[in-house]
Amino acid sequence: MMKKLFMVLALLSLSVGLRAQDAAPAQKYSVATNSFWNNWFVQLGGDWNAWYSTEEYSSGQHNSLGLLSSGRRTFGGALAIGKWFTPGLGIRTKLQAWQGRAVPLIDNDPEKFDEWILNEHIMFNFSNMFLGYNPTRVWNIVPFIGGGISRNMSDNRYAIQMSLGMLSTWRLGSRVNVYLEAGWNQMEDDFDGVRADNAHKSRFWKSHDNNVYGEIGLTLQLGKSTWKPMPDVDAIRMLSESQIDALNAQLEDASAENERLRNLLEEQPKVTEATAVAPEIVNTPVSVFFDINNSEIASRKDLVNVEALAKYAKGNGKKLIVTGYADSATGKMESNQQLSEARANTVADELLKMGMIQDNIIVVGKGGINELSPISYNRRVIVTVGQ
């Protein structure tokens, strides 16, 4: 009956687990290490055990008991406490206790003995390691390996043993999992109180006492049980460099415009208070600059020169031509065309606020260009006086 039950549970775990893996998207990212007090867990379970003694194989003979017969079977309990250091790597200390059955060579009446095992296991969450960390994954596969000490309390014997197995867990909630575990503990050949003088020493299995078990139980998560994504240092550095480049481009634009205006003013003759704005000045194209992929004016100071042209145009019945550009180094042709038109319309709206009428504003979008250096100079709108 127990054999059939564990086979059904194993098949159910595979079926449900595969569906769960498909339904839960993996999050492929590095995680930050939590504090020492987080990611602890406690496990409590019940064990089904089968004992295989070296005495069974003495003189080349074999006991007639089946591998999973009731003559070998006993039940026990298990308690474990552990910690995950990363989503894929953890350790646990596990205590198992039960009454074993040492199977003799010929007689099918196994001798009972009380036993406990204390193991230290290294655990590997393969689901997180190979599929990516996912805090809401329903099913996880966790192989483990380790070793520890065992005691036969009936014969007052101690032994060092090795242990390995597989843990399959299902998420019931943020802090509770149900698990199914299959494992193997191997001890020294006389641990059950009987040394087999003619045991097959060259055989790894037959030269030691072996315990095979199946276990079902609950896992309780202690402290913080999830992991935060680690900041992407390269992405942050690239973002910072991009922001610095943008600021430098704006400074270069402002410096270049200031230098242009300074040179322009130095070349113009002084005017009296009664003199209107000189035609030579107002006929000079005025630039309004923009940030990358943006149709909002980068600096409102650029509108000072635009307003001078607006006053001249209104006073002399002139039209203003507003021509928008984008830098061809970024974006596709269609998006650059739309961006250049949006920038031109932004400046046209400002001219309307300055008192210009719609009929005297001509809006043109030229799309992406690569005429000036640095590239940022191409992200602009030019306002000129028309006829």
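Structure shown above.
Residues numbered from 1 in each chain as written. Predicted model: local features only at pLDDT ≥ 70, side-chain atom pairs only at ≥ 80, totals over all residues. Heavy atoms only, no water.

S.K.: Can you help me understand empty space enclosed by the protein in this one?
M.R.: Remark: the empty space left among the atoms is shown by a probe the size of a water molecule rolled over them. Applying the stated criterion across every chain, the model contains one cavity of 30 Å³ or more. Of the voids in this model, the largest cavity is the one considered here, and its volume is about 30 Å³. Ile 292, Asn 293, Ala 326, Asp 327, Thr 330, Asn 336, Leu 339, Arg 343 and Arg 379 are the residues that line the largest cavity. Breaking the lining of the largest cavity down by element, the ones donating at least two residues are β10 (320-327) and α6 (333-353). The dominant element in the lining of the largest cavity, judged by the number of residues it contributes, is α6, at three residues. (1 Å grid on protein atoms, 1.4 Å probe; cavity = no way out; pocket = protein on both sides within 12 Å on 5 of 7 lines; lining within 4 Å. Points joined across faces, edges and corners; volume = space filled by probe spheres on them. Helix = DSSP H or I, 4+ residues; strand = E, 2+ residues; numbered from the N terminus.)

S.K.: Honestly, the layout of surface pockets in this entry has me stumped. Any pointers?
M.R.: In this structure, the largest pocket occupies an estimated 500 Å³ of space. Looking at the largest pocket, it is lined by 27 residues, and the ones nearest its centre are Asn 125, Asn 140, Asn 177, Gln 221 and Ser 225. Listing elements by their share of the lining of the largest pocket, those giving two or more residues are β1 (40-52), β5 (139-152), β6 (157-171) and β8 (209-222). The greatest single-element share of the lining of the largest pocket, amounting to three residues, is contributed by β6.

S.K.: Sorry if this is basic, but what is going on with the sheet that holds β10 here?
M.R.: Strand pairing within a sheet occurs via backbone hydrogen bonds; the two strands may be parallel or antiparallel. Read from one edge to the other, the open sheet built from four strands follows the order β9-β12-β10-β11, with strand pairing classed as mixed. Looking at strand neighbours, the two that pair on one side only are β9 (286-289) and β11 (361-369), the edges of this open sheet. In this sheet, adjacent strand axes meet at a mean angle of 20° when their direction is disregarded. Taken together, the seven bridges between β10 and β11 define a ladder with parallel strand orientation. Looking at the pairing, Ile 321 lines up with Ile 362 of β11. Against the sheet, α6 makes contact with β9, β10, β11 and β12 (380-385), and its axis sits at roughly 150° relative to β11, the strand it touches most. (Pairing = 2+ DSSP bridges. Axes fitted to C-alpha atoms, helices over the stretch in contact; angles between N-to-C directions. Contact = heavy atoms within 4.5 Å.)

S.K.: Even after reading the chapter, I still don't get α6, so can you show me in this structure?
M.R.: Each turn of an α-helix holds 3.6 residues, which means side chains three or four residues apart point in the same direction. End to end, α6 covers 31 Å across 21 residues, agreeing with the expected 30 Å (1.5 Å per residue, within 8%). Taken residue by residue, α6 has Asn 336, Leu 339, Ser 340, Arg 343, Ala 344, Thr 346, Val 347, Ala 348, Glu 350 and Leu 351 as its buried positions. Remark: Gly 355 follows α6 within two positions and exhibits a positive phi of approximately 105°. (Expected span 1.5 Å × (residues − 1). Buried < 20%, exposed > 50% of the residue type's maximum accessible area, 1.4 Å probe, protein only.)

S.K.: Whenever I open this one, the side chain of Lys 83 confuses me. Can you help?
M.R.: With respect to the helices and strands, the residue Lys 83 is situated in strand β2 (residues 73-84). Buried charge without a partner: Lys 83 forms no salt bridge, and the closest opposite charge is Glu 120, 12 Å away. Polar contacts involving the side chain of Lys 83 include one to the main-chain carbonyl oxygen of Phe 36, which spans 3.1 Å. Separated by 2.7 Å, the side chain of Lys 83 and the backbone oxygen of Asn 38 make a polar contact. With residues near it in sequence (within four places) discarded, Lys 83 still touches Ser 35, Phe 36, Asn 38, Asn 39, Trp 40, Phe 41, Gly 90 and Ile 91. (Lys, Arg positive; Asp, Glu negative; His and termini not counted. Salt bridge = Lys/Arg side-chain N within 4 Å of Asp/Glu carboxyl O. Polar contact = N/O pair within 3.5 Å; in protein donor to acceptor, adjacent residues only side chain to side chain.)

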